[in-house]
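# A look at the structure
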Amino acid sequence: MATFTMTAHPANDTSRARYFYFALFFACSFGLHTPHLISYVGDVNYDLFIHYNWAKEFAENFLAGDPYPRWSFLGHYELGEPVFITYSPIYYYLVAFLRASGIGTWISMQIIAIVCDALFACFVFAASARFVSQRVAGLIALVALLNPFLVFLHYKFHGLAWAATGYLTHGMLLWALLRPEAKKPGLNAWAALAIALAVGTHTVSALVNLICYSFFSLARASRWAGDDRQTLPQAIVSWGLTAGTGLLLSAVYLYPAIHYLKIMNVESWVGEYRLENFAWPVVTFFTNKPQWLGVQWAASAPALAMFVMAAVYFVKFRPAPGRLTTPLVLVLAGAAASVFFASELSYPLWIFQNPISQINLPFRFVSLSYTLTAVAMGLTLVHAQAAGRRRWAIGLAGMMGLSILFGVAALLKGAYADGKPLMPEMRNEQYTYGPAKARFSSPGYLERCSGNKAECVRHDLSSGSFAGLPEYRLMWASAGSETFAHRGFAAYCQDHAISCSEPRRQGSGIDVMIGSNKPVAVTLPIFYYPAWQVTVSGKEVAVDAAPESGLLRVPVETGNHEVSVRWKTTDIEKTGQRISLVTLLLLALYLAVSGLRRKIPE
């Protein structure tokens, strides 16, 4: 078989044409979100309400004066949960910024999704246009944008942060790793920034990115990299330095998140059901039964087909090292990794606890399969056309078009065939936990719930995180907290012969008036957490967790006192802030020195 050297034809492209494609991506992204934004329909599930309520409360707490709202006061029957200690906050900050301009939560979420998905396509386009014509780069970006898996994330899985800001940072990382500067050994500053932003937007998908893109470093050490080739130690050290810098930049969030996992119920979301969630299940189809067959096969099949076509073409025609061969080798290596980890081929890695098993759902890797194989298909398409392989060119272009059709079909099915009208209260900013709270607080609820699961608020899709999410359950929380929440704080105060006001939200905490004719330890309607700083009539006091519930227990002397609970940045959080700040300063210094060296002639 003859070897080949690929050629590209970007010479006739203009910057004006580039803006046309950018406008096209925004138009397609707007179309992708039309069902949610304009038609106001969707296939509702539990996660939709979780992320909506998180976004709404995060914005409200931010606007109330809390610069970093880590605590969800409405979660776990309004006893609270430390959600944003461990969940990435950047997406919710963007919602809060739009809310500050007067835009509603739901509309803000859709605006963010439209902009982020369009910018994701722009990054894929910019990465590809360095090697192929803008026309082909535009096709590649459309395949990446209008892929069935991204539609699934928006309309079935409702992984709103992952599908918006998470996808954007994934595209940015691809662009950073395909820039000409990336072929030089050493720190890739743009890639490090993309990794930091990825961690801050959706940690699990950031881990998926790190795993798959790490194979770029191995590909750069292969003989196909040609003049861009690095030695294996160079490639590994460069990627380690880049990824490490990105993680250190994100330490302001990541360091406390990892530290405080030890007091969370993290085991609750790593279960055997991950063995039912491989993409393209064959053996596990019979041994474990697929959990979501439409996604595991129908929505994922085009990604596998495109990978196989691009890989077969690469093997069949044995590319000679050259300028355009390197990006093809890189994206095929990353795509191969994503296919391996998404499929049953990686089965042994999911049966015991390890960093990869924390990803929980193997088919998460398909998100990278689509993007990387789209680029690989575009590069092989260019070569097939230049080499006169008309049938191959038609097949490659046809498969890329078919993937887009699959995406459009998935959108129509998920949004309109399976979709239903969304709650009008979400659009007009009137949605609250009120109905769920009323049902939870009704007399005899706990007894009815224990015998009738349909009665339980925790099984109500629209309750969101009101009933609490298992992974945010604190190690000292006990069953008594549910009884306390059901009866209410007023009933607790009456039982203990003390007078209590209704707790008032203030900034990053709550205030409550307590009156007692004797010294007493008062259990407040909020879970104990190491970050709470409590003052009684202005004097800071030591607090602990009530053993029967895990709620915050405060010593109060005789008389009337104002009890104030505020979030105080812990030493662990301060350490994370310092790590990020020092890393940022060092990165800025590195960029300044690098820029100066480029200006000084040798």
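Computed from a predicted model, the values in this text were never measured in an experiment. (Residues numbered from 1 in each chain as written. Predicted model: local features only at pLDDT ≥ 70, side-chain atom pairs only at ≥ 80, totals over all residues. Heavy atoms only, no water.)

### Topic: the nonpolar core
Of all hydrophobic cores here, the largest spans 187 residues; its most connected members are Phe 149, Leu 174, Leu 524 and Tyr 529. For this core, the element with the most residues is helix 10 (residues 160-178), which contributes 14 residues. For Leu 174, the contacting residues outside a window of four places in its chain are Val 124, Ala 127, Tyr 213, Phe 216, Val 331, Thr 371, Leu 372 and Val 375. By size, the runner-up hydrophobic cluster in this structure holds six residues, among which are Leu 187, Ala 196, Leu 249 and Leu 587. (Core = buried A, V, L, I, M, F, W, Y, C linked by side-chain atoms within 4.5 Å. Buried < 20%, exposed > 50% of the residue type's maximum accessible area, 1.4 Å probe, protein only. Helix = DSSP H or I, 4+ residues; strand = E, 2+ residues; numbered from the N terminus. Contact = heavy atoms within 4.5 Å.)

### Notes on a nonpolar patch on the surface
A cluster of nonpolar side chains, contributed by Val 282, Val 283, Leu 293 and Trp 297, occupies part of the molecular surface with about 350 Å² of accessible area. Among the structural elements, Val 282 can be located in the loop between helix 14 (251-259) and helix 15 (283-287). We classify Val 282 as partly exposed; its relative accessible area is 48%. (Patch = residues over 30% accessible without salt bridge, like charges linked within 9 Å, V, L, I, M, F, W, Y side chains within 5 Å. Areas by Shrake-Rupley, 256 points an atom, 1.4 Å probe, with all protein chains shown as cover. Salt bridge = Lys/Arg side-chain N within 4 Å of Asp/Glu carboxyl O.)

### Comments concerning the environment of Gly 550
Looking at the element boundaries, Gly 550 is found in the loop between strand 9 (544-545) and strand 10 (551-556). We classify Gly 550 as buried; its relative accessible area is 0%. Between the alpha carbons of Gly 550 and Ala 301 there is a distance of 47 Å; along the sequence they are 249 residues apart. Among residues more than four places away in sequence, those in contact with Gly 550 are Trp 476, Ala 477, Ser 478, Phe 527, Tyr 528 and Ala 545.

### A closer look at the sheet that holds strand 10
Spatially, three strands are ordered 6-10-9 in an open sheet, and the strand pairing comes out antiparallel. In this open sheet, the two strands that pair with only one neighbour each are strand 6 (520-527) and strand 9. As defined by bridge partners, strand 6 adjoins strand 10 across five bridges and the pair is classed as antiparallel. Its bridge partner being in strand 10, Ala 521 is matched across the sheet by Pro 555. Here helix 24 (residues 480-487) sits on the sheet and contacts strand 6 and strand 10; the angle it forms with strand 6, its principal contact strand, is near 90 degrees. (Pairing = 2+ DSSP bridges. Axes fitted to C-alpha atoms, helices over the stretch in contact; angles between N-to-C directions.)

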